[in-house]
Amino acid sequence: MENNGGYGVSLYLAVRAIRRGNRSTLTLTILIIALVMVLMNFLGMIISGVVTLYNDQMIDYQYGHVAIEPRDKEIVIADADALVKRLKQIPGITGVSAHTGTAATITNIKNGKLQSKSLTAFNPEDEQSVTKYQMVITDGDYLSKGDTGQILIGTLLAGNEDESQDKLPSLGGIKVGDRVEVAYSNGVVKTYRVKGIYESLGALIDSSAFVTRSEMDSIMHSGDTATEILVRGSSADDAPALKYTIMSYGVEEKVKTWNEKGKGIMGDAISSFTLIKNIMTFVSLIVASVVVFIVTYINIINRKKQIGILKAIGIRKQIIVGSYLIQVLFQCACGILVGILMLNAISFVLTVNKLRFPMGYITPAVDYSSLAVSIVLLCIVSLVSGYIPARQVVNEEILNAMRG
Amino acid sequence: MIEVADLKKIYLLGNVEVAALRGVSLSIQKGEFVGIMGPSGSGKSTLLHQLGLLDTPSGGHILIDSTDVSQLDDDARTWFRLMHLGYVFQDYALVSELTVMENVAIPAIMQGKPLAECYAAATRMLEKVGLGKRLDHLVFELSGGEQQRVSIARALVNTPSIVFADEPCANLDTENSRTVLELFRDVNRELKQTIVMVSHEPWHQSYFDRIIFIRDGVMDEERIESEGKPGGPPGNETG
Ligand SMILES: Nc1ncnc2c1ncn2[C@@H]1O[C@H](COP(=O)(O)OP(=O)(O)OP(=O)(O)O)[C@@H](O)[C@H]1O
Ligand SMILES: [Mg+2]
């Protein structure tokens, strides 16, 4: 260590105080700071897990990366097939699928239970390139292009014979091969064979039903129109860029990214979550500051005599305060480190033993940007809480302090 | 060289004024080994604290090496203590988290000298007080006499112009007291070190070049006149 008689002396004193001071107090303080760190970040970790999961599901099952909707004042996209063809040629687009949705009432013929749902039609081949339904078939098969009289049903809509096991209102236990009656909005009623059942784990997604576009056309005469067109690009983050590319190709329909589509529903939940998280952060910070204050205060009161001695032999006040601040920072740094380790351990445990949420299993993720914020806050709070008692004791008269 | 003129210290206990020093004037020459003696409560410690800049007097002037130290502000006093003064306290006043060598080195480190130089000076000083083999011990591993020798080494490490000692032998037995006093006498003779020491043990008088008697916060002029040759140290019985 080079020495210039300044804050180097603070460091010199601090290092020795930490090395030869009370181990159990130090350990306890570090542990408390670590726990505060965990408290401040745990909820955020869960929230970001939920958000990630929700986003993934929105992209993988509901909107793709970009969704194209009818122009203002129009109900459908006309010339959908031509638009799909054009979109497929835009560089960066890896999949395009046109959807036609309509309201329908589905009845389980076996038991007469019925549910009103929106029934969606897609071209199964196109759909594969955008969404993941064909990958989550739990029973039976995915739709194929020419299918007529066949329907794909989500597991929650299919439900169980024992109603008490249902998570949402269902058709009371539909199995592959069962027959359901679909009453369309135009009055046509048709019986379908259940071809497959899928399970994405997303509550909303798993209570829907799908038929092919040709099937829908045969009933609703929807022809070449679509209610929306989903587009998949290279990544979720590139969606805004993709949106502008699509618009620059002269598409006049409304073009929205998955994020713009999804904001409304989840946005409120997330902002409530964030509020709770901020309250928790605030309370945790108060706990941290009180703990650091008490620990430093007791520590420094116990060493009042020592501080008097140091002052008597000519050590400047600022240097003594500095040595206590270094000790506080050291506790803080260790606490933060242990806290990060704990958070990662929790995140690991929760990855192995997954948490089930309405939209499926979440994988908690440590959010490093809010981690950074909590580190800065914790350090500031600790420094202030360490500074106040240190300053107070250091300002005592030498002889009073030396009396102990 | 210390010059004191009309030094006063008044403590306020609630509404009651306690005059601990009531106008003391004296001068101490460079290289003198001065004893301050007097009855308990007479103001010996108070005087030493004022001279050593550990407290602020209520009135009067103190000149140390022609600096009027009563005019200095807090930071300047701290700096003055570090650069020019050394202290030995009755209860040793060592820093428990530092080793013997670090305790002695810390005033030198604070002066901004290179660490190696500080440790070398500390080692030299500790060898002088006979603790050359205890450098890396912690303070609590030492006996009271040894701790007091560490504190003497610390007081001397920066070769201050004056060393102040307030009853440095009060907690020591005769044997250790003698060691400490002889140490003081040696550095006083060899290094021409000015030493101001408070004591109430008559047998310490033989070590002092001069004695300042204090009674009720003033100098006891009569005793300075009348007190002749000091008595020898006691036999086996302790303080
Ligand atoms: N902090 C203080 N507040 C109030 N009164 C004090 C204070 N310190 C000392 N005194 C008073 O000042 C007087 C002188 O005290 P001082 O400590 O200088 O005596 P002393 O000569 O060192 O005595 P001893 O030999 O017992 O150490 C005493 O009457 C004491 O009660
Ligand atoms: Mg005294």
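Residues numbered from 1 in each chain as written. Chains lettered and ligands numbered in written order. Predicted model: local features only at pLDDT ≥ 70, side-chain atom pairs only at ≥ 80, totals over all residues. Heavy atoms only, no water.

Notes on the overall build of chain B
- Across its full length, chain B carries 7 helices and 10 strands.
- In terms of C-alpha radius of gyration, chain B reaches 18 Å, essentially the compact-globule figure of 18 Å for 239 residues.
- Looking at chain B residue by residue over its 239 residues, the buried ones come to 54%.
- If you take every contact in chain B between residues at least 6 apart in sequence, the share linking residues at least 24 apart comes to 71%.
- Counting 22 positive and 34 negative side-chain charges, chain B places the averaged centre of each group 4 Å from the other. (Helix = DSSP H or I, 4+ residues; strand = E, 2+ residues; numbered from the N terminus. Rg over C-alpha atoms; globule rule 2.2 N^0.38 Å. Buried < 20%, exposed > 50% of the residue type's maximum accessible area, 1.4 Å probe, protein only. Contact = heavy atoms within 4.5 Å. Lys, Arg positive; Asp, Glu negative; His and termini not counted. Charge placed at Lys NZ, Arg CZ, Asp CG, Glu CD.)

Section: the pattern of salt bridges
- Counting across every chain of the model gives 26 salt bridges over all chains.
- Across the pair E69 of chain A and K261 of chain A runs a salt bridge whose closest N-O atoms are separated by 2.4 Å. Of the two residues, E69 of chain A sits in strand β1 (residues 66–69) while K261 of chain A sits in helix α8 (residues 258–302), which places them 192 residues apart along the sequence.
- Residues K304 of chain A and E396 of chain A are paired through a salt bridge, measuring 3.2 Å at the closest nitrogen-oxygen approach. One end of the pair, K304 of chain A, is in helix α9 (residues 304–312); the other, E396 of chain A, is in the loop between α11 (368–394) and α12 (398–403), with 92 residues separating them in the sequence.
- The class of E396 of chain A is partly exposed, set by a relative accessible area of 26%.
- It is possible to trace a salt-bridge network through shared partners that takes in R16 and R20 of chain A together with E102 of chain B. (Salt bridge = Lys/Arg side-chain N within 4 Å of Asp/Glu carboxyl O.)

Notes on the packing of helix α2 (residues 23–63) of chain A against α11 of chain A
All names here are of chain A.
- In the contact formed by α2 and α11, the axes pass within 10 Å of each other and the chain directions differ by 140°. Taken together, the axes of α2 and α11 lie oblique to each other. Where α2 crosses over α11, the handedness of that crossing is right-handed. Side by side, α2 and α11 meet where I33, V36, M37, M40 and N41 of the first sit next to S370, L371, S374, I375 and L378 of the second.
- Per-class residue counts for the contact of α2 with α11 are 7 nonpolar, 3 polar and no charged. (Axes fitted to C-alpha atoms, helices over the stretch in contact; angles between N-to-C directions. Parallel < 35°, antiparallel > 145°, perpendicular 65-115°, else oblique. Left-handed = near helix turned anticlockwise from the far one by under 90°. Nonpolar A, V, L, I, M, F, W, Y, C, P; charged D, E, K, R; others polar.)

Description of the site of ligand 1
- In the vicinity of ligand 1 there are 13 residues, among which S40, G41, K44, S45 and T46 of chain B approach most closely.
- With respect to ligand 1, its neighbouring residues span chains A and B.
- Between S42 of chain B and ligand 1, the recorded distance is 3.3 Å, taken from a backbone N or O atom to an oxygen atom.
- In this structure, an oxygen atom belonging to ligand 1 sits 3.0 Å away from a main-chain N or O atom of G43 of chain B.
- In isolation ligand 1 exposes 630 Å². Once the protein is present, 66% of that is buried.
- Broken down by element, the shell around ligand 1 gets its largest block of residues, 3 residues, from helix α1 (residues 44–51) of chain B.
- Grouping the amino acids of the shell around ligand 1 by side-chain chemistry returns 4 nonpolar, 6 polar and 3 charged. (Near = heavy atom within 4 Å. Polar contact = N/O pair within 3.5 Å; in protein donor to acceptor, adjacent residues only side chain to side chain. Areas by Shrake-Rupley, 256 points an atom, 1.4 Å probe, with all protein chains shown as cover.)

Describing the confidence of the model for chain B
Residues and elements named next belong to chain B.
- Scored by pLDDT, chain B has a mean of 90; 92% of the residues are at 70 or more.
- Here residues 228–232 scores under 50 on pLDDT; set against residues more than four positions off or in separate chains, the count is 6 contacts.
- Interface confidence for the predicted complex, expressed as ipTM, amounts to 0.91; the pTM equals 0.79. (pLDDT = per-residue confidence, 0-100.)

What about the nonpolar core?
- With 65 residues, the main nonpolar core has I106, L126, F184 and M197 of chain B as its most contacted residues.
- Excluding residues within four positions of it along the chain, M197 of chain B makes contact with F33, V34, G35, I36, A165, P168, C169, L181, F184, H204 and F208 of chain B.
- I398 of chain A together with I2, V4 and L47 of chain B belong to the second largest nonpolar core, which has 34 residues in total. (Core = buried A, V, L, I, M, F, W, Y, C linked by side-chain atoms within 4.5 Å.)

Things to note about the sheet that holds strand β5 (residues 67–68) of chain B
Residues and elements named next belong to chain B.
- Strand order in this open sheet of 4 strands is β2-β1-β4-β5, and the pairing throughout is antiparallel. Of all strands in the sheet, those with a lone pairing partner are β2 (16–28) and β5, marking the two edges.
- Judged from the 2 bridges that link them, strand β4 (residues 59–64) and β5 form a sheet pairing that is antiparallel. Residue pairing across strands places I64 opposite T67, the latter belonging to β5.
- Against the sheet, α1 touches β1 (2–13), β2 and β4, its axis set at about 120° to β1. (Pairing = 2+ DSSP bridges.)

Brief notes about the packing of helix α5 (residues 144–156) of chain B against helix α6 (residues 174–190) of chain B
Residue and element names in this part refer to chain B.
- Direction vectors running N to C along α5 and α6 enclose 15°, while the axes themselves pass 10 Å from each other. Between α5 and α6, the angle is such that the two are roughly parallel. The crossing of α5 and α6 is right-handed. Packed against α5, whose contacting residues are G145, Q148, R149, I152 and L156, the element α6 presents N176, T179, V180, L183, F184 and V187 at the interface.
- Classifying every residue of the contact of α5 with α6 by side-chain character gives 6 nonpolar, 4 polar and 1 charged.

Focus on the domain arrangement of chain A
Residue and element names in this part refer to chain A.
- In terms of domains, chain A is made up of domain 1 (2–58 + 265–403) and domain 2 (66–232).
- Using C-alpha coordinates to define each centre, domain 1 is positioned 52 Å away from domain 2.
- Counting residues at the interface gives 6 residues for domain 1 and 6 residues for domain 2.
- Counting each side, the surface lost to burial between domain 1 and domain 2 is near 450 Å², with a carbon and sulfur contribution of 51%. (Domains from an automatic or database assignment. Buried area = accessible area lost by both parts, 1.4 Å probe.)

Section: the interface of chain B and chain A
- In this complex, chain B contributes 29 residues to the contact, which on the side of chain A involves 27 residues.
- Summing both sides of the interface, chain B and chain A together bury roughly 2,600 Å²; the carbon and sulfur share of this comes to 62%.
- Interface area lost by chain B to chain A is led by E97, I106 and M110 of chain B, which between them contribute 26%.
- Counting the contacts that link chain B with chain A gives 5 salt bridges.
- As a salt-bridge pair, E102 of chain B and R16 of chain A come within 2.8 Å of each other at their nearest N and O atoms.
- Of all the elements in the fold, those that place two or more residues in the side of chain B that touches chain A are α2 (74–84), α3 (100–110) and α4 (115–128) of chain B.
- For the side of chain B that touches chain A, the residue count by class is 15 nonpolar, 5 polar and 9 charged.

Let's talk about the side chain of Q327 of chain A
- Tracing the chain through its elements places Q327 of chain A in helix α10 (residues 317–352).
- In contact with Q327 of chain A, not counting residues within four places along its chain, are A14, A17, I18, N299 and R303 of chain A.

Focus: the packing of aromatic side chains
- What the rule picks out here adds up to 12 aromatic pairs over all chains.
- On the numbers, 4.7 Å between centres and 55° between planes, the contact of Y133 of chain A with F210 of chain A is tilted. Placement of the pair is Y133 of chain A in the loop between α4 (124–128) and β4 (137–140) and F210 of chain A in strand β8 (residues 209–212), with a sequence separation of 77 residues. For the pair shown, Y133 of chain A and F210 of chain A are each scored as buried.
- Here Y87 of chain B and F164 of chain B contribute two aromatic rings whose centre-to-centre distance is 6.1 Å and whose plane-to-plane angle is 25°, an arrangement assigned as stacked. One end of the pair, Y87 of chain B, is in strand β6 (residues 85–88); the other, F164 of chain B, is in strand β7 (residues 162–166), and 77 residues separate them in sequence. Each member of the pair, Y87 of chain B together with F164 of chain B, is buried.
- Here the aromatic residues Y61, F122, Y133, Y142, Y198 and F210 of chain A are joined through ring pairs into a cluster of three or more. (Phe/Tyr/Trp six-rings, centres within 6.5 Å; stacked < 30°, edge-to-face > 60°.)

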